[in-house]
Amino acid sequence: MPSLRVVDAVALVVGIVVGAGIFRTPSLVAQNAAGPAAVLLLWGLGGLVSLIGAMCYAELASTWPHAGGDYHYLRRALGGSLAFLFAWARLTVIPTGSIALLGFIFGDYASQLLPLGEHSSAVYAALSVVVLTGLNVAGIQLGKWTQNLLTVAVVAGLGLVILAGLFAAPAAPAPAAVAASGGPRHAAWGLAMVFVLLTYGGWNEAAYISSELRGGRRSIVSALLWSMVAVTGLYLLANAAYLRGLGMAGVGQSDAVAAELMQRVAGPSGASLISLLICAAVLTSSNATILMGSRTHYAMGRDFPLFSPLGRWSARASAPVNALLVQGAISLALVGVGFITRRGFETMVEYTAPVFWFFFLLTGVSLLVLRRREPDVPRPFRVPLYPLTPLLFCASCAYLLYSSLAYTGAGALVGVAVLATGLIPLALMRRRTGHPRSTPSPGGRKSWGFGRPRSA
């Protein structure tokens with residue numbers, strides 16, 4: 001029996017989506033936008049694209065509820081090989097890149113509190129990966145209150161920044177030099193949208209609650225609409241506060257935009273307070289990513305014999321220790337890549353973005369394929385204005401995939417190359433069995449097998 005009200009769903013989605021990125025990505029968006037109006041337009045468009053995508057995911061999640069999520073939709077619609085590459089990306093690129101990315105945000109703000117020299121941000125990023133992975137390996141549970149701190153700290157910090165920037169900070173001078181330069185090339189809009197939509201990330205996870213909402217289709221649409229309106233409103237207000245308090249040039253030049261705004265308003269104590277709140281939020285988010293990521297790698301190890309070491313559970317730690325260690329090692333290596341390029345956060349965005357948008361595009365295609373292939377399957381929620389809505393989502397994903405490849409640096413090439421290495425284990429499994437089928441899971445647990453899916 002569905003138990004969630006619309007207001008519950010809105011609170012959940014806002015808590016998932018609003019994360020640490022809003023304290024880091026605005027400077028990168030400002031660097032690639034022509035002016036303040038363009039910045040706000042980009043953040044508004046990001047909210048619209050996210051809403052369209054959330055509706056597509058709501059149809060898939062409510063029609064085929066499954067713990068595998070995107071993996072299940074890809075396997076059902078496009079076959080086992082692409083689904084395996086998604087599982088491989090989950091192991092090597094997406095969560096691990098996110099852990100390193102969050103580490104660099106932590107490093108930027110921790111360096112405002114206690115600088116550790118020229119490479120302070122990278123040192124803090126590496127420490128966050130090592131310490132949090134070690135805590136999880138040791139079996140030390142930080143508890144639900146720690147995870148709840150993420151929403152409390154981020155929303156409180158963001159509210160403080162909005163109030164300070166809009167009402168307390170003296171208005172920054174107009175960025176005449178930036179305007180005179182004629183703004184960036186058109187290509188920069190695509191790159192700016194990559195950073196914007198990174199900050200909106202999380203709505204795809206929230207869409208899985210669609211089958212738990214009271215009131216059917218109208219409630220699902222209402223929950224998605226109001227939650228994305230709330231998030232978009234917060235992001236627009238935050239960016240308006242940054243622009244008013246620091247100016248276009250000041251936002252674009254900052255690695256810790258919220259701290260610099262609070263420094264302008266309340267001096268060092270204000271900057272320290274907001275930096276402390278953001279550090280707490282980032283560590284909480286990073287811990288959640290480490291914990292959840294290791295569980296997906298554990299499931300992969302249980303389902304595919306080639307990765308069986310990942311599927312071992314430690315009774316002492318009550319955790320998949322091997323999966324945690326492999327994930328930690330990959331994340332630490334990615335921190336090293338960010339350090340070498342001297343563009344840690346940006347490099348990690350570049351590393352994850354092409355792979356992320358590639359599979360988002362394929363998930364949108366899966367919706368179109370499954371509508372055609374399985375038209376009679378009952379769908380509790382149908383995307384409005386079909387097929388225009390999923391086609392618009394696919395077009396947005398394709399543009400962002402193109403932008404993340406064409407207008408970024410070496411990090412994007414590394415991410416694509418790492419994804420391509422997944423073809424090696426895929427070929428090995430095909431050679432062993434004739435097709436990459438996973439083994440049945442113990443205890444009757446449903447496998448993520450590559451066999452032809454049964455009808456719903």
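Being a predicted model, the structure only gives us computed values, none of them experimental.

With that settled, the discussion passes to the overall build of the protein chain. If you tally the helices and strands in the protein chain, you get 18 helices and zero strands. A burial count over the protein chain gives 55% of its 456 residues as buried. For the protein chain, the share of sequence-separated contacts (at least 6 apart) that also reach a separation of at least 24 residues comes to 80%. A total accessible area of about 18800 Å² is found for the protein chain, and carbon and sulfur atoms account for 67% of it.

Looking at where valine 137 falls in the secondary structure, it is placed in helix α7 (residues 120-137). By relative accessible area, valine 137 is classed as buried at 17%. For the pair valine 137 and arginine 316, spaced 179 residues apart in sequence, the C-alpha to C-alpha distance is 9.6 Å. The residues touching valine 137, leaving out its near neighbours within four places in the chain, are Arg316, Ala317, Val321, Leu324 and Leu325.

Turning our eyes to something else, we now look at the pattern of salt bridges. With the rule as written, the count across this model stands at seven salt bridges. Here glutamate 346 and arginine 24 are joined by a salt bridge, their closest N and O atoms 3.8 Å apart. Within this pair, whereas glutamate 346 is found in helix α15 (residues 344-373), its partner arginine 24 is found in the loop between α1 (6-17) and α2 (25-31), the two being separated by 322 residues in sequence. For arginine 24, a relative accessible area of 3% corresponds to the buried category. Among the salt bridges present, the one from glutamate 350 reaches arginine 343, with a minimum N-O distance of 2.9 Å. One connected set of salt bridges, linked through shared partners, spans Arg24, Asp108, Asp255 and Glu346.

Reading the values: the criteria
- Residues numbered from 1 in each chain as written.
- Predicted model: local features only at pLDDT ≥ 70, side-chain atom pairs only at ≥ 80, totals over all residues.
- Heavy atoms only, no water.
- Helix = DSSP H or I, 4+ residues; strand = E, 2+ residues; numbered from the N terminus.
- Buried < 20%, exposed > 50% of the residue type's maximum accessible area, 1.4 Å probe, protein only.
- Contact = heavy atoms within 4.5 Å.
- Areas by Shrake-Rupley, 256 points an atom, 1.4 Å probe, with all protein chains shown as cover.
- Salt bridge = Lys/Arg side-chain N within 4 Å of Asp/Glu carboxyl O.

Interpretation note: all reported values are geometric properties and have no functional meaning in isolation.
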